[in-house]
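# Notes for the structure review
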Amino acid sequence: MNDRLFNQINPWAEANATAVKVNTPAHVAIIMDGNGRWAKKRGLPRVAGHREGMKAITKVVEKAHELGIKYLTLYAFSTENWKRPKSEVNFLMQLPERFLAKELPKLMKNNVQVRMMGDADKLPDHTLQAVQEAVDATAENTGIVLNFALNYGGRHELVHVVQELARDVEEGRMKAEAIDEELITSRLYTNQIPDPDLLIRTSGEIRLSNFMLWQLAYAEFWFTETLWPDFNEDGLAEAVIEYQQRKRRYGGV
């Protein structure tokens, strides 16, 4: 298996973690995959994997802060995840409340700024309220930005942008010729943060799953077979060290 494509948590990552200071990716995006499989391997219900996955978030946020990463986007719930069993969806909609209720004091102490991207209109009121309270409470913080992708889908985001631009053209506020990459970028959920430099996906799957399709155009990808609940500080350090070995040419030579 090509170890540049798949990676396991290796002992050397911890040993070299302190060296991850130069050329650190400013924005890391993570597809947190494998909670259900983690639970199944242990004969537990899927929700147990999601609960355990919350602990991994805490570890990764703290390590990202230590490494100097400025933005961390976590794919928490996709527009396709509504297809899952209702009981699992209901549990997933409770996770932001549980996580933030427990971790908000620590996030405040560590100067973390919480943000959210996605279609908020379809989220339950209790979920949205919990996230909004965290967003408001941390709005003045100046440290790492923790950006949760909730009810997010890359295609859904792009359709929304196209519809918005089409209305502007139709109503005479702009001409079609004015539409360019910069304008589209300015209408995305991520218009206030840079595109990801590094995408991490856990659990061995090799696909984007409709995640940040526009923003990831030139990101470096790093895949690991480690299931999300088992992903930790060393895994993030290893991914960043691998990122530092690569040369980003953006189509050049």
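Our subject is the structure listed above.
Cut-offs and rules
Residues numbered from 1 in each chain as written. Predicted model: local features only at pLDDT ≥ 70, side-chain atom pairs only at ≥ 80, totals over all residues. Heavy atoms only, no water. Helix = DSSP H or I, 4+ residues; strand = E, 2+ residues; numbered from the N terminus. Buried < 20%, exposed > 50% of the residue type's maximum accessible area, 1.4 Å probe, protein only. Contact = heavy atoms within 4.5 Å. Areas by Shrake-Rupley, 256 points an atom, 1.4 Å probe, with all protein chains shown as cover. Axes fitted to C-alpha atoms, helices over the stretch in contact; angles between N-to-C directions. Parallel < 35°, antiparallel > 145°, perpendicular 65-115°, else oblique. Left-handed = near helix turned anticlockwise from the far one by under 90°. Core = buried A, V, L, I, M, F, W, Y, C linked by side-chain atoms within 4.5 Å. Expected span 1.5 Å × (residues − 1). Polar contact = N/O pair within 3.5 Å; in protein donor to acceptor, adjacent residues only side chain to side chain. Phe/Tyr/Trp six-rings, centres within 6.5 Å; stacked < 30°, edge-to-face > 60°. 1 Å grid on protein atoms, 1.4 Å probe; cavity = no way out; pocket = protein on both sides within 12 Å on 5 of 7 lines; lining within 4 Å. Points joined across faces, edges and corners; volume = space filled by probe spheres on them. Nonpolar A, V, L, I, M, F, W, Y, C, P; charged D, E, K, R; others polar. Pairing = 2+ DSSP bridges.

### Overview of the overall build of the chain
Each helix and strand counted, the chain has 8 helices and 7 strands in total. Taken along its principal axes, the extent of the C-alpha atoms in the chain is 60 × 50 × 40 Å. Residues classed as buried in the chain amount to 49% of the 253 residues present. Across the chain, the fraction of contacts at a sequence separation of at least 24, relative to all contacts at a separation of at least 6, is 79%. When the accessible area of the chain is evaluated, it comes to approximately 13,000 Å², of which 51% is carbon and sulfur surface.

### Things to note about the packing of helix α4 (residues 86-109) against helix α5 (residues 125-137)
Remark: α4 packs on α5, axes separated minimally by 8 Å, with the N-to-C direction vectors making an angle of 15°. One finds that α4 runs roughly parallel with respect to α5. Here the hand of the crossing between α4 and α5 comes out left-handed. Note on element contacts: α5 touches α4 through His126, Thr127, Ala130, Val131, Ala134 and Ala137, opposite Met93, Gln94, Pro96, Glu97, Leu100, Leu104 and Met108.

### A few points about the nonpolar core
If you look at the biggest cluster of nonpolar residues, it comprises 41 residues, and the most contacted ones within it are Ile30, Leu72, Ile200 and Leu236. Take this core: its biggest share by element is 8 residues, from α4. In contact with Ile200, other than residues within four places in its own chain, are Val28, Ala29, Ile30, Ile31, Trp222, Phe231, Leu236 and Ala239. Membership of the second largest hydrophobic core comes to 11 residues, among which are Ala29, Tyr75, Tyr152 and Ala219.

### Things to note about helix α8 (residues 233-245)
With 13 residues, α8 should reach 18 Å at 1.5 Å per residue; the first-to-last C-alpha distance of 19 Å fits that figure. Here α8 lies mainly inside the structure; 11 of its 13 residues are buried. Where α8 begins, one side-chain oxygen reaches toward the backbone nitrogen of Asp234, 3.0 Å away; that side chain belongs to Asn232.

### Description of the environment of Tyr75
Summarising the element assignment, Tyr75 is placed in strand β3 (residues 71-78). Here Tyr75 falls in the buried class, since its relative accessible area comes to 8%. Leaving out residues up to four positions away in the same chain, Tyr75 has contacts with Ile30, Ile31, Met32, Glu80, Ala149, Tyr152, Gly153, Leu208, Ser209, Asn210 and Phe211. Of the polar contacts made by the side chain of Tyr75, one reaches the backbone oxygen of Tyr152; its length is 3.3 Å.

### What to know about the packing of aromatic side chains
Counted under the stated rule, the structure contains 8 aromatic pairs. Consider the rings of Phe221 and Phe223, whose centres lie 6.2 Å apart with planes at 85°: the pair is edge-to-face. Since its relative accessible area comes to 28%, Phe221 is described here as partly exposed. The buried category is assigned to Phe223, whose relative accessible area is 6%. Here the aromatic cluster, defined as three or more aromatic residues joined through ring pairs, consists of Tyr75, Tyr152, Tyr189 and Phe211.

### Regarding the side chain of Thr226
Within the secondary structure, Thr226 sits in the loop between β7 (220-224) and α8. Among the polar contacts listed, one links the side chain of Thr226 to the side chain of Thr224, at a separation of 3.2 Å.

### Things to note about the layout of surface pockets
Looking at the largest pocket, its volume works out to about 710 Å³. Of all the secondary structure elements, the ones that give two or more residues to the lining of the largest pocket are α2 (35-41), α3 (46-67), β3, α4 and β5 (145-152). For the lining of the largest pocket, the element with the most residues is α4, which contributes 6 residues. Considering only residue class, the lining of the largest pocket consists of 17 nonpolar, 8 polar and 7 charged. Roughly 200 Å³ of internal volume is contained in the second largest pocket. If you trace the second largest pocket, you find it lined by Glu181, Thr185, Asp195, Pro196, Asp197, Trp214, Gln215, Ala217, Tyr218, Arg248 and Tyr250.

### Some details on the pairing of β7
A large share of β7 lies buried, amounting to 4 of its 5 residues. The sheet contact formed by strand β6 (residues 198-201) and β7 spans 4 bridges and is parallel. Looking at the pairing, Leu198 lines up with Glu220 of β7.

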